[in-house]
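# Overview (structure and organization)
As a plain string of letters, each chain reads:
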Amino acid sequence: QVQLVESGGGLVQPGGSLRLSCAASGFTFSRYAMNWYRQAPGKERELVARITSAGGITNYADSVKGRFTISRDNAKNTVYLQMNSLKPEDTAVYYCNADYDMILGIRTDYWGQGTQVTVSS
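Numbering of residues starts from 1 in each chain and follows the order in which that chain's sequence is written. This being a predicted model, a pLDDT of at least 70 is required before a residue's local features are given, and a value of 80 or more before pairs of side-chain atoms are given or counted; all residues contribute to the totals for chains, interfaces and linings. Side-chain numbers here rest on the full set of heavy atoms in the structure, without hydrogens or water.

## Description of the packing of aromatic side chains
By convention, a stacked pair of Phe, Tyr or Trp rings (six-membered ring in the case of Trp) has centres within 6.5 Å and planes under 30 degrees apart, an edge-to-face pair has planes over 60 apart, and any other such pair is tilted. On inspection of all chains with the given rule, the structure shows six aromatic pairs. For the ring pair Phe27 and Phe29, a centre distance of 6.5 Å and an interplane angle of 55° mean the geometry is tilted. Any residue under 20% of the maximum accessible area for its type is buried, any over 50% is exposed, and the rest in between are partly exposed; the area is computed with a 1.4 Å probe on protein chains only. On the basis of relative accessibility, which here comes to 1%, the residue Phe29 falls in the buried class. Considering the side-chain rings of Phe27 and Tyr110, the 5.1 Å spacing of their centres and the 50° angle between planes classify their relative orientation as tilted. Taken as a pair, Phe27 in the loop between strand S3 (18-25) and strand S4 (32-39) and Tyr110 in strand S10 (residues 106-111) lie far apart in primary sequence, 83 residues in all. A network of ring pairs unites the aromatic residues Phe27, Phe29, Tyr32 and Tyr110 as a single cluster. The residue whose ring lies beneath Arg45 is Trp111, and the NZ or CZ to ring-centre distance is 4.5 Å. The way it works is that DSSP assigns letters per residue, a run of H or I at least four long becomes a helix, a run of E at least two long becomes a strand, and they are numbered from the N terminus. The criterion is that NZ of a Lys, or CZ of an Arg, lies within 6 Å of the ring centre and within 35 degrees of the ring normal, and then a charge sits over that ring.

Structural data, given as C-alpha cells:
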C-alpha cells in the first residue's frame with residue numbers, strides 16, 4: 001500500500017523557517033521523481049519544487065526560488081522541503097507527490113494527506 005506522510009508544518013512568524021518531511025512507503029522511492037505542491041484557500045494547487053530520483057536536478061517555482069530547498073534521502077525514503085524567509089503568502093497546505101518512475105518510465109500520481117503551513121505574526 002502506497003503511503004506518503006507529511007510532517008513538519010505549523011505556525012511560524014514572517015521571516016521564519018520550517019522544514020517539511022515526507023516519508024514514503026509501499027513503492028520504490030529511489031526510482032521516483034518527487035514533488036512538493038501547495039494549495040492556499042481559494043487557489044489552485046501549485047507545484048512548489050521538484051527533485052529527480054537521484055537528487056541531481058531540482059526545480060522551483062519562481063515565488064520560492066532562493067528561499068526553499070528540496071532534498072531527499074533515498075536510504076530513509078524521505079523527501080524534505082526546507083523553507084526559509086517565509087512570507088504570509090506561503091500560507092497553504094503543502095502536499096508531497098510522486099509522479100514519475102524515472103527508471104521504468106511510468107507515470108503515476110501518489111499524494112500525501114498534506115500538512116498545514118501558516119505564516120503569520
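## Overview of the side chain of Ser21
Considering the arrangement of structural elements, one finds Ser21 in strand S3. The exposure class assigned to Ser21 is buried, which follows from its relative accessible area of 19%. Two residues form a contact once any of their heavy atoms are found within 4.5 Å. Each residue touching Ser21, except ones within four places of it in the same chain, is listed here: Val5, Glu6, Ser7, Trp36, Thr78, Val79 and Tyr80.

## Structural notes on the sheet that holds strand S7 (residues 68-73)
Two strands are counted as paired when DSSP detects at least two bridges linking them. Read from one edge of the open sheet, four strands run S1-S3-S8-S7, paired in antiparallel fashion. Among the strands making up the open sheet, the edge pair consists of strand S1 (3-7) and S7. Each strand of the sheet is rotated relative to its neighbour by a mean of 15°, with strand direction disregarded. Bridge analysis of S3 against strand S8 (residues 78-83) gives six bridges, and the strand direction is antiparallel. Bridge pairing in S8 links Cys22 to Val79. Orientation is described by axes fitted as lines to C-alpha atoms, over the contacting stretch for helices, and by angles from 0 to 180 degrees between their N-to-C directions.

## Things to note about unusual backbone geometry
A positive phi angle, close to 50°, is found at Asn77, a residue other than glycine. Given the relative accessible area of 26%, Asn77 is considered partly exposed. Of note in the backbone geometry, Ser85 takes a positive phi value of approximately 50° without being a glycine. Secondary-structure assignment places Ser85 in the loop between S8 and strand S9 (92-101).

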